[in-house]
Structures are given as structure tokens and as C-alpha cells.
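Examination of the molecular architecture
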Amino acid sequence: MATTQALTPAMQRQRNARMRRNLLYLVLLALALVAPLAIYPVFLMKVLCFALFACAFNLLLGYAGLLSFGHAAFLATGGYFTGIMLSSYPGLTPEAGILIGTLAAVVLGTFFGVLSIRRQGIYFAMVTLALAQMMFFFFIQAPFTGGEDGLHGVPRGELFGLISLSENLPMYYFVLAIFVIGFAIIQRTVHSPFGQVLKAIRENEPRAVSLGYNVDAYKLVAFVISAGLAGLAGSTKTVVFQLASLTDAHWHMSGEVILMTLLGGVGTLFGPVVGAGLVVSLQTQLAQSPLGNWVSVILGAIFVICVLSFRSGIVGEIGKLVRKNFK
């Protein structure tokens, strides 16, 4: 006869936390579904693309403890390959073009990872920056990327050959679906045994090695997943704006994604989404104001204030407050 055991207090707390988290996700998804009725869809799509990019970067920094200064290379690679394929083959559907761009970023991420993953700390960061700069100059010189002009007029096409994405509303829901899939992959990765090992490596790498884990292999897999999701964000962004440009490959973009992640909360699932929303909103508002030439300075000042005042980021500090007062 089967018997059931009562849940321990710790298990009950975990179950309650999981239920609250799932409820929060459902509420946010519902808000995202109706958001285009109140907010310009193109702005929302830009936020979602950068939110996915920041979440991909956070998987590497927040859970594996690896600071990459070259993640813009994957964003740009996904964007350029998608733009080239959709422009060169008019019959290719947008989801196929995005998949090709994502796979290109995965291949590049594997190459970058093999070269850089054995380094640690600032050495790892500098290697990724150097490799990303090589890709930046490649995109300038390559004849099929359009050089400094980039790729313009990339067709949005028809989803599955049936639904036209020329209008912003269907395009928005397509981008939202991609973001949800990417976020779900990250969420599942973080809460899997693989994710727990990544956290162990971040906290104490020598101990993880002593327990028999192949640390370099775990880091490489995390790097490749992060690169692929960054490429997915870049591919989607190219389809949305029908443009692939050098801006996505510049080292400034790698700096911006670090700012987004730290501002929202490194090591938190939803922090990069909040950080990306704030940074994109500030850039949009400041660009339309007399302070348009001071965007970088203002973002830099916000970054300094964030680091000095709340090092856990916005979501991280809110989480601390909730745990302290509502535990």
C-alpha cells in the first residue's frame, strides 16, 4: 500500500516559492499580450530583443561567473547571417532565417569558447574582447555585409509561409513567442542539475574540480548556450528592424548588455529583462530630448550609482526586501 510523506517545511517553502513564481510569470505574460494596445509595438519589440540578449549574457555571468566583453559578436553574427539569408533567398521564411542566424552564433560561440574558456577573470574577458573586435573588423571588410552601411531592406516575409509579418502587431507576437521560448530555455537550464553545477563552479571552482566535475566542459556548454541565445536575439532584431548594422558588433554593445544585466540584477532570472527595459527606455527618451548627446554619460552615471548604492541590482534588492519582510 502506497504511503505519502508530509512535506518538510523547506520543501513546502520551495513549493510555495515555485507557485508564486509561476503565477508571476502568467501575470507578466498576460500583460505582455495586451501591451501593444497601449505602447508602440516597435518599442516593445526592441525591449524584448535586448531583454533576451541580456538574459543570455546573464546566464554566463550570473550563473557561471564568466564576464565576457565580446558578446556583441554573437548578437551581430546572428543578425548578419539572418539578414543575408533572407535578402539572398526571398522564398526563405523568417523562422528559417532566424534559425540559421542562431546556428551561426552557436558555431562562433563554440569557436570562441574553445579558445577562451581555459582563461579566468580579466584574462577571459580580454580574450573575448579581442575575438569580438576581430569579428567587428571582419564585418567591416566582408563584401556581403554591406560594410559600414550594413544590410538594409531585409524582408520580414511570412511566418510559416502563411502569416505576413509586414504589420507590426503580428510581428510583435512572433517576437514575444521567441522571447518566451528563449527565457524558458534559460529558466530550465538554471534550475536543472547542470545549472546547479554552474552555480557551484561560480562559487568555488577548485571544490567543483575536487568533486570530479569537468569544469571546462560545463563552462563551454554554458558559453555556447549563451552565444546561441544572443544570436537568436540578434536574428530577431534584424527581422524586426529589417536592418543589420555594425552597431550590434561594436564593443559599446557589449558594454551596454553588461549595464543592463547589472542594473536589473545579475544572477536573477528577471533582472536582465528589467535592466534592458530601463536602458532602452532611457535611450529612447533621451534621444528625443535636448540631452540626446549625453546619453552615454547619463547611462554611465546611472551605472556608477547602481554599483555603489545597490550592488544586487533592482530585482536583486527587491528580492532581498521581500525575503526580509515577508519570509
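Residues numbered from 1 in each chain as written. Predicted model: local features only at pLDDT ≥ 70, side-chain atom pairs only at ≥ 80, totals over all residues. Heavy atoms only, no water.

1. Some words on the overall build of the protein chain
- Each helix and strand counted, the protein chain has 13 helices and four strands in total.
- For 327 residues, the compact-globule formula gives about 20 Å, and the C-alpha radius of gyration of the protein chain, at 20 Å, lands near that figure.
- Expressed as lengths along the three principal axes of its C-alpha atoms, the size of the protein chain is roughly 65 × 55 × 45 Å.
- Each of the 327 residues in the protein chain was classed as buried or not, and the buried ones make up 45%.
- Charge-centre separation for the protein chain: the mean point of 20 positive side chains lies 20 Å from the mean point of 11 negative side chains. (Helix = DSSP H or I, 4+ residues; strand = E, 2+ residues; numbered from the N terminus. Rg over C-alpha atoms; globule rule 2.2 N^0.38 Å. Buried < 20%, exposed > 50% of the residue type's maximum accessible area, 1.4 Å probe, protein only. Lys, Arg positive; Asp, Glu negative; His and termini not counted. Charge placed at Lys NZ, Arg CZ, Asp CG, Glu CD.)

2. Describing the UniProt feature "transmembrane region" (unreviewed entry) in the protein chain
- Sites flagged by UniProt as "transmembrane region" (unreviewed entry) map to residues 22-39, 45-66, 73-90, 96-115, 122-144, 169-186, 257-282 and 294-314.
- Overall, residues 257-282 shows 77% helix and 0% strand. The separation of its end C-alpha atoms is 14 Å.
- Taken end to end, residues 294-314 is 81% helix and 0% strand, and its first and last C-alpha atoms sit 23 Å apart. (UniProt positions renumbered as here; feature names shortened; annotations may be inferred.)

3. Focus: a nonpolar patch on the surface
- On the surface, a nonpolar cluster with roughly 900 Å² of combined accessible area is contributed by Leu-23, Val-27, Leu-29, Leu-31, Leu-33, Val-34, Leu-37, Leu-169, Tyr-173 and Val-180.
- Counting only elements with at least two residues in the nonpolar patch, the list comes to helix H1 (9-34) and helix H6 (168-190).
- Looking at the element boundaries, Leu-31 is found in helix H1.
- With relative accessibility at 51%, the residue Leu-31 sits in the exposed group. (Patch = residues over 30% accessible without salt bridge, like charges linked within 9 Å, V, L, I, M, F, W, Y side chains within 5 Å. Areas by Shrake-Rupley, 256 points an atom, 1.4 Å probe, with all protein chains shown as cover. Salt bridge = Lys/Arg side-chain N within 4 Å of Asp/Glu carboxyl O.)

4. Concerning the pattern of salt bridges
- Scanning all chains against the criterion turns up four salt bridges.
- One salt bridge connects Arg-118 with Asp-216, and the closest N-O pair in it is separated by 3.3 Å. Here the residue Arg-118 occupies a position in the loop between helix H4 (94-116) and helix H5 (121-141), and Asp-216 occupies one in helix H9 (residues 215-241), the gap between them amounting to 98 residues.
- Using a relative accessible area of 26% as the deciding quantity, one classes Asp-216 as partly exposed.
- For Lys-237, the salt bridge identified is with Asp-248, shortest N-O distance 3.1 Å. One end of the pair, Lys-237, is in helix H9; the other, Asp-248, is in the loop between strand S4 (243-244) and helix H10 (251-264), with 11 residues separating them in the sequence. Accessibility assignment for this pair places Lys-237 and Asp-248 in one class, buried.

5. Looking at the side chain of Ser-245
- Looking at the secondary structure, you find Ser-245 in the loop between S4 and H10.
- Given the relative accessible area of 17%, Ser-245 is considered buried.
- Beyond its immediate chain neighbours, meaning those up to four positions away, Ser-245 contacts Tyr-80 and Gly-150. (Contact = heavy atoms within 4.5 Å.)

6. Thoughts on the packing of helix H3 (residues 72-88) against H5
- Two elements in contact, H3 and H5, have axes whose closest approach is 9 Å; the angle formed by their N-to-C orientations is 30°. Viewed along their axes, H3 and H5 adopt a mutual orientation that is roughly parallel. Between H3 and H5 the crossing geometry is left-handed. Mapping the contact onto sequence places Ala-73, Ala-76, Thr-77 and Tyr-80 in H3 and Ala-132, Met-135 and Phe-139 in H5.
- By residue class, the composition of the contact of H3 with H5 is six nonpolar, one polar and no charged. (Axes fitted to C-alpha atoms, helices over the stretch in contact; angles between N-to-C directions. Parallel < 35°, antiparallel > 145°, perpendicular 65-115°, else oblique. Left-handed = near helix turned anticlockwise from the far one by under 90°. Nonpolar A, V, L, I, M, F, W, Y, C, P; charged D, E, K, R; others polar.)

7. What about the layout of surface pockets?
- Estimated volume of the second largest pocket: approximately 780 Å³.
- Taken together, 26 residues make up the lining of the second largest pocket; nearest its centre are Leu-28, Ala-32, Phe-179, Phe-270 and Val-273.
- Every element with two or more residues in the lining of the second largest pocket is listed here: H1, helix H2 (41-64), H6 and helix H11 (271-287). (1 Å grid on protein atoms, 1.4 Å probe; cavity = no way out; pocket = protein on both sides within 12 Å on 5 of 7 lines; lining within 4 Å. Points joined across faces, edges and corners; volume = space filled by probe spheres on them.)

8. Some words on the packing of aromatic side chains
- The tally for this structure, following the rule as stated, stands at 14 aromatic pairs.
- Ring pairs connect the aromatic residues Phe-74, Phe-111, Phe-112, Phe-124 and Phe-223, which therefore count as one cluster. (Phe/Tyr/Trp six-rings, centres within 6.5 Å; stacked < 30°, edge-to-face > 60°.)

9. Remarks on helix H7 (residues 193-203)
- Along H7, the residues classified as buried are Gly-195, Val-197, Leu-198 and Ile-201. The arc that holds every buried residue of H7, seen down its axis, measures 155°, which confines them to one face. Pointing more than 90 degrees away from the buried face of H7 are the exposed residues Pro-193 and Glu-203.
- The elements touched by buried residues of H7 are H2, H6, helix H8 (205-210) and H9. (Arc of directions from axis to C-beta.)

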